[in-house]
Amino acid sequence: QQQVKQSPQSLIVQKGGIPIINCAYENTAFDYFPWYQQFPGKGPALLIAIRPDVSEKKEGRFTISFNKSAKQFSLHIMDSQPGDSATYFCAASGSGAGSYQLTFGKGTKLSVIP
Amino acid sequence: ETGVTQTPRHLVMGMTNKKSLKCEQHLGHNAMYWYKQSAKKPLELMFVYNFKEQTENNSVPSRFSPECPNSSHLFLHLHTLQPEDSALYLCASSQGGGGQQFFGPGTRLTVL
């Protein structure tokens with residue numbers, strides 16, 4: 001019940017394409033859903049996050065879509081660029097002050113071809 | 001940079017060695033974390049410290065021993081490790097729970 005399932009494992013798109021990464025969760029107590037971006041040799045960095053009171057959140061070229069009834073959320077990258085090539089992780093946790101456990105998906109390695 | 005630093009960045013050790021990983025956060029956060037990142041597996045939370053008190057230990061073998069002397073510093077003491085312990089060890093910090101965690105660059109550990 002603590003798992004977050006992420007797909008696909010890897011993704012290759014042309015520059016300007018719109019890669020979509022999907023995640024699904026089981027634990028209905030989760031109410032904070034961040035996406036992290038990790039470049040080689042670096043730690044993960046928060047990209048964008050959503051709470052279940054909204055169905056979509058957009059920051060620049062990055063959009064999270066959230067479907068509470070299906071317990072799924074996805075990341076869309078508009079007008080993708082070679083600099084977006086990285087590994088992306090979805091995660092989920094409770095939002096209370098005592099909720100320290102972030103449950104991560106296995107990651108998606110994105111390659112954007114010029 | 002995220003405000004979380006880790007040293008060393010790379011470490012090679014034999015199974016009988018004792019070494020320590022260090023993490024320091026400059027963000028004024030009160031919670032610090034150790035994660036293990038292995039290829040093709042999700043990030044695994046190992047330990048959580050909140051205000052220097054350990055709040056979570058996710059069934060981590062005793063050959064990993066954390067230490068948190070204050071809210072800004074976190075150590076991971078390693079002894080008699082196994083080759084399967086080779087991984088990237090990430091430190092993170094946050095202000096309380098239920099929100100953003102800031103990660104350091106990690107220590108790439110190789111156990112021979």
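A brief structural summary. (Residues numbered from 1 in each chain as written. Chains lettered and ligands numbered in written order. Predicted model: local features only at pLDDT ≥ 70, side-chain atom pairs only at ≥ 80, totals over all residues. Heavy atoms only, no water.)

1. Some words on the interface of chain A and chain B
Thought 1: Listed by partner, the interface residues are 23 residues for chain A and 27 residues for chain B.
Thought 2: Here chain A packs against chain B, burying approximately 1,800 Å² in sum over the two surfaces, 52% of which is carbon and sulfur.
Thought 3: Where chain A packs against chain B, one counts 0 salt bridges.
Thought 4: Taken together, the connections running from chain A to chain B amount to 4 residue pairs in polar contact (both at pLDDT 80 or more). (Contact = heavy atoms within 4.5 Å. Buried area = accessible area lost by both parts, 1.4 Å probe. Salt bridge = Lys/Arg side-chain N within 4 Å of Asp/Glu carboxyl O. Polar contact = N/O pair within 3.5 Å; in protein donor to acceptor, adjacent residues only side chain to side chain.)

2. Things to note about the sheet that holds strand β1 (residues 4-7) of chain A
All names here are of chain A.
Thought 1: Strand order in the open sheet formed by 5 strands is β1-β3-β8-β7-β6, with antiparallel pairing between adjacent strands. The open sheet has two free edges, formed respectively by β1 and β6 (56-59), since each of these has just one partner strand. Sheet twist, expressed as the average angle between the axes of neighbouring strands with direction ignored, equals 15 degrees.
Thought 2: The pairing of strand β7 (residues 62-67) with strand β8 (residues 72-77) spans 6 bridges and is antiparallel. Bridge pairing links phenylalanine 62 to isoleucine 77 in β8. (Pairing = 2+ DSSP bridges. Helix = DSSP H or I, 4+ residues; strand = E, 2+ residues; numbered from the N terminus. Axes fitted to C-alpha atoms, helices over the stretch in contact; angles between N-to-C directions.)

3. Comments concerning the state of the cysteines
Joining two cysteines, a disulfide is a covalent bond between their sulfur atoms.
Thought 1: The full count for this structure, using the stated rule, is 2 disulfides over all chains.
Thought 2: There is a disulfide in this structure between cysteine 23 of chain A and cysteine 90 of chain A, and the S-S distance comes to 1.9 Å. Judged by the torsion about the S-S bond (-95 degrees), the cysteine 23 of chain A/cysteine 90 of chain A disulfide is left-handed. Within this pair, whereas cysteine 23 of chain A is found in strand β3 (residues 20-25), its partner cysteine 90 of chain A is found in strand β9 (residues 86-92), the two being separated by 67 residues in sequence. By the burial criterion, cysteine 23 of chain A is buried, and cysteine 90 of chain A matches it.
Thought 3: With its sulfur 1.9 Å from that of its partner, cysteine 23 of chain B forms a disulfide with cysteine 91 of chain B. (Disulfide = S-S within 2.5 Å. Buried < 20%, exposed > 50% of the residue type's maximum accessible area, 1.4 Å probe, protein only.)

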